[in-house]
Amino acid sequence: METVIEVRDARREYVSRSGVWKREKRVVKAVDGISFEVRRGEIFGLLGQNGAGKTTTIKMLTTLLAPTGGSCRVLGCDTFGEEKRIRPRINFIFGGEMGVYRRLSARDNLRYFSNLYLLPRGEQEKRIERILGLVDLAERADDLAETYSKGMIQRLQIARGLINDPEILFMDEPTVGLDPVGARMLRDIIRRLKEEGRTVLLTTHNLAEVEELCDRLVIINKGKVIARGTPEEIKGGFDTLEDAYVKLIEGVSA
Amino acid sequence: MSLAVLLATMRVQMKQSFARPMFRFCLIANPILNTVLLYEMYRGSGEESFMAYVVLGAGLMGLWSCICFSSAGDINRERYSGTLALIFVAPASFPTIILGKIIGNTLLSLLTLGISLVTAAVLFRTPLMLESPLYFLFALLAAVAAFVVISSVVACLLTLSRKTELYMNCIEIPIILLCGFVFPVSVLPAAVRAVSYALSPTYAVELLRMSVWGVEEPAAFWQKLGILLGLTALYAVLSALLYRRIDRRVRVAATLEVA
Ligand SMILES: Nc1ncnc2c1ncn2[C@@H]1O[C@H](COP(=O)(O)OP(=O)(O)OP(=O)(O)O)[C@@H](O)[C@H]1O
Ligand SMILES: [Mg+2]
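Residues numbered from 1 in each chain as written. Chains lettered and ligands numbered in written order. Predicted model: local features only at pLDDT ≥ 70, side-chain atom pairs only at ≥ 80, totals over all residues. Heavy atoms only, no water.

Caption draft 1: Here's a closer look at the overall build of chain A. Secondary structure assignment for chain A yields nine helices and 10 strands. For the C-alpha atoms alone, the extent of chain A along its principal axes is close to 55 × 55 × 35 Å. Looking at chain A as a whole, 53% of its 254 residues qualify as buried. Nonlocal contacts in chain A, meaning residues at least 24 apart in sequence, comprise 68% of its contacts between residues at least 6 apart. When the accessible surface of chain A is totalled, it reaches about 11400 Å², and 48% of it is carbon and sulfur. Between the mean site of the 42 positive side-chain charges and the mean site of the 39 negative ones, chain A shows a separation of 6 Å. (Helix = DSSP H or I, 4+ residues; strand = E, 2+ residues; numbered from the N terminus. Buried < 20%, exposed > 50% of the residue type's maximum accessible area, 1.4 Å probe, protein only. Contact = heavy atoms within 4.5 Å. Areas by Shrake-Rupley, 256 points an atom, 1.4 Å probe, with all protein chains shown as cover. Lys, Arg positive; Asp, Glu negative; His and termini not counted. Charge placed at Lys NZ, Arg CZ, Asp CG, Glu CD.)

See the structure below:
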């Protein structure tokens, strides 16, 4: 199978300055030399504690952030330097209530983003209608997003992430704030994307979800990979992935 | 550069700006209050042309505040709502999107001139004269171009640094004073005037005022218009240079998002 994401010894540091008079420079190594590969059609999990570097990794892969070392390649192109060839073919969803225009309706949001993704006029309305149905927002599509519940905004985000029929979809904690029905809907969407041959890279703190969905995963801690493999491999002798995960994290913090 | 993207962004921007109470305040209440204030200030001064200083002054002040608080503030609003990253990596070019936002806001902000005109006409019943309407139209178009270009420089700086909003609040009033929105630049000390004449809005304001009074020497008008367009072109080149560097800079400095 073709490799669509290739991360080689990627690093990212953040420099922050604090203090008013005596400016102190602090360097945070958010991602500290990680490597992994994702093949086309896989559902790939990125796991780790808060602050482990998951979001930072996704930002480097989605051309939002430059690595300070190593390389990130998506669809064969460098995410820093060849981003123009990557951007139309991928999309991403960040969990929570960010990433939508709250003073516009769901339909207007999707129309606007289909323009920004340069979709042909004739195709826009058809695709928007289909996606609105997919995320179950058709009924409220013409209300302003600011009147939506948290989960509805989340579903609108998912819809937005599908607007360009992306080959790879990056999802950062996509089920945060979704009700059980919404979370299952999202899992169904993810499985359907896989059936269509698309690739999904996702982060989540819900390990049952990982067991259910992911073909392979890496666990990162403080910017470094501490485990990798299929859910079964990582589970090893433990009953659940959660038990194995907790042991792994305890192991490295001891 | 895609016209569809430009137009879609203008539409979306106008919808969103108008939905914001702060923007509506700047757009509607601000010019009314300023018109009243300026009228009271000019009433006993012997200045006859209320149109030139009161209506135009209040209108321009409103236009400029809308630009300061919206074109500039919008970048931070998008940053905090997580959409800045989205428009930044969309296949449509980022400068086109920003330009669409700015043109949308500026067109909407032009309402301030009309509101200030109506306020003066209704409240004070003074004769308001516009002697050279055609010249006024040219001056207005050039003024809009100048403001659009300035906003685009500001928007670019804001994308690069989160602190720009602070600076923006600091320059709002100085520009009003330096560029002679509400009084002629000639009353300023010579050293300050040198700064005034490096700023394109100064010429825009003088051109507008000339056409209100009536253009007696067309040559002087065209000359000033030429300077204004030249300065605007210069700012535009600067802006284009900035935008060429932004794509890499922003991703190295990680300023697209708040967290
Ligand atoms: N813009 C930034 N400036 C400075 N430090 C940052 C910035 N973004 C992230 N960090 C730091 O980098 C580290 C990794 O953050 P990151 O957001 O990638 O973690 P995460 O694995 O996504 O965590 P979570 O599960 O909480 O979302 C953290 O220590 C965080 O404080
Ligand atoms: Mg995160």
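Caption draft 2: Main features of the packing of aromatic side chains. The tally for this structure, following the rule as stated, stands at 16 aromatic pairs over all chains. On the numbers, 5.6 Å between centres and 50 degrees between planes, the contact of B:Y135 with B:W222 is tilted. Placement of the pair is B:Y135 in helix α7 (residues 133–160) and B:W222 in helix α11 (residues 218–253), with a sequence separation of 87 residues. Relative to B:F181, the ring of B:F147 has its centre 6.4 Å away and its plane inclined at 85 degrees; by these criteria the two rings are edge-to-face. Here the residue B:F147 occupies a position in helix α7, and B:F181 occupies one in the loop between α8 (164–178) and α9 (190–196), the gap between them amounting to 34 residues. Side by side, B:F147 and B:F181 carry an identical accessibility label, which is buried. It is A:R160 that lies over the ring of A:F92; its NZ or CZ is 5.9 Å from the centre. Here A:R160 stacks its cationic end above the ring of A:F113, 5.7 Å away from the centre of that ring. (Phe/Tyr/Trp six-rings, centres within 6.5 Å; stacked < 30°, edge-to-face > 60°. Lys NZ or Arg CZ within 6 Å of the ring centre and 35° of its normal.)

Caption draft 3: Layout of the sheet that holds strand β5 (residues 77–78) of chain A. Residues and elements named next belong to chain A. Reading across the sheet, the four strands line up as β2-β1-β4-β5 and stay open at both edges, with antiparallel pairing between neighbours. Whereas interior strands pair on both sides, the edge strands pair on one side only; in this sheet they are β2 (24–39) and β5. With five bridges joining them, strand β1 (residues 3–18) and strand β4 (residues 69–74) adopt antiparallel strand pairing. Residue V7 lies in a different strand from β4, and its bridge partner there is C72. (Pairing = 2+ DSSP bridges.)

Caption draft 4: Expanded view of the interface of chain A and chain B. Of the residues lining the interface, 31 residues belong to chain A; the matching set on chain B comes to 33 residues. Of the roughly 2800 Å² buried where chain A meets chain B, counting both sides, 62% is carbon and sulfur surface. For the pair chain A and chain B, the interface holds three salt bridges. Two residues, A:E83 and B:R251, come together in a salt bridge whose shortest N-O distance is 2.9 Å. (Buried area = accessible area lost by both parts, 1.4 Å probe. Salt bridge = Lys/Arg side-chain N within 4 Å of Asp/Glu carboxyl O.)

Caption draft 5: Quick look at the environment of A:E97. Residues and elements named next belong to chain A. For E97, the position within the fold is in the loop between β6 (90–94) and α3 (106–116). When its relative accessible area of 35% is taken as the criterion, E97 is described as partly exposed. Considered as a pair, E97 and I226 are 129 residues apart in the sequence and their alpha carbons are 31 Å apart. Ignoring sequence-local partners within four residues, the contact set of E97 consists of R102, K150 and I153. One polar contact links E97 to R102, side chain to side chain, over a distance of 3.2 Å. (Polar contact = N/O pair within 3.5 Å; in protein donor to acceptor, adjacent residues only side chain to side chain.)

Caption draft 6: Just the confidence of the model for chain B, in detail. The share of residues in chain B with pLDDT of 70 or more is 97%, and the mean pLDDT across the chain is 87. We note a pTM of 0.89 for the whole complex and an ipTM of 0.90 for its interfaces. (pLDDT = per-residue confidence, 0-100.)

Caption draft 7: Representation of the site of ligand 1 in the model. Around ligand 1, a shell composed of 14 residues is seen, among which A:G51, A:G53, A:K54, A:T55 and A:T56 lie nearest. More than a single chain frames ligand 1: its nearby residues are located in chains A and B. At 3.0 Å, a side-chain N or O of A:N50 approaches an oxygen atom of ligand 1. In this structure, an oxygen atom belonging to ligand 1 sits 2.6 Å away from a side-chain N or O atom of A:T55. For ligand 1, whose accessible area on its own is 640 Å², the fraction buried by protein is 71%. Taken together, the elements giving at least two residues each to the shell around ligand 1 come down to β2 and α1 (54–61) of chain A. In terms of residue count, the dominant contributor to the shell around ligand 1 is α1(A) (three residues). (Near = heavy atom within 4 Å.)

Caption draft 8: Focus on the side chain of B:N30. Residues and elements named next belong to chain B. Looking at the element boundaries, N30 is found in helix α2 (residues 21–43). In this structure N30 comes out as buried when scored by relative accessible area, which is 14%. Setting aside chain neighbours within four positions, we find N30 in contact with F25 and S65.

Caption draft 9: Quick look at the nonpolar core. Of all hydrophobic cores here, the largest spans 157 residues; its most connected members are A:I5, A:F36, A:F170, A:L201 and B:F181. Ignoring any residue separated from it by four or fewer positions in sequence, one finds A:F36 in contact with A:I5, A:E6, A:V7, A:F44, A:L46, A:T57, A:L61, A:L201, A:V218 and A:R228. Counting residues in hydrophobic clusters, the runner-up holds five residues, among them B:F23, B:C26, B:L27 and B:L108. (Core = buried A, V, L, I, M, F, W, Y, C linked by side-chain atoms within 4.5 Å.)

Caption draft 10: Molecular detail of the packing of helix α10 (residues 200–213) of chain B against α11(B). Residue and element names in this part refer to chain B. Following both chains from N to C, one finds α10 and α11 inclined at 150 degrees, their axes separated by 9 Å at the closest point. When the axes of α10 and α11 are compared, the pair comes out roughly antiparallel. Here α10 runs over α11; the crossing is left-handed. Residues S200, Y203, A204, E206, L207 and M210 of α10 lie in contact with α11, whose contacting residues are A220, F221, K224, L225, I227, L228, L231, T232 and Y235. Taken together, the residues of the contact of α10 with α11 sort by class into 11 nonpolar, two polar and two charged. (Axes fitted to C-alpha atoms, helices over the stretch in contact; angles between N-to-C directions. Parallel < 35°, antiparallel > 145°, perpendicular 65-115°, else oblique. Left-handed = near helix turned anticlockwise from the far one by under 90°. Nonpolar A, V, L, I, M, F, W, Y, C, P; charged D, E, K, R; others polar.)

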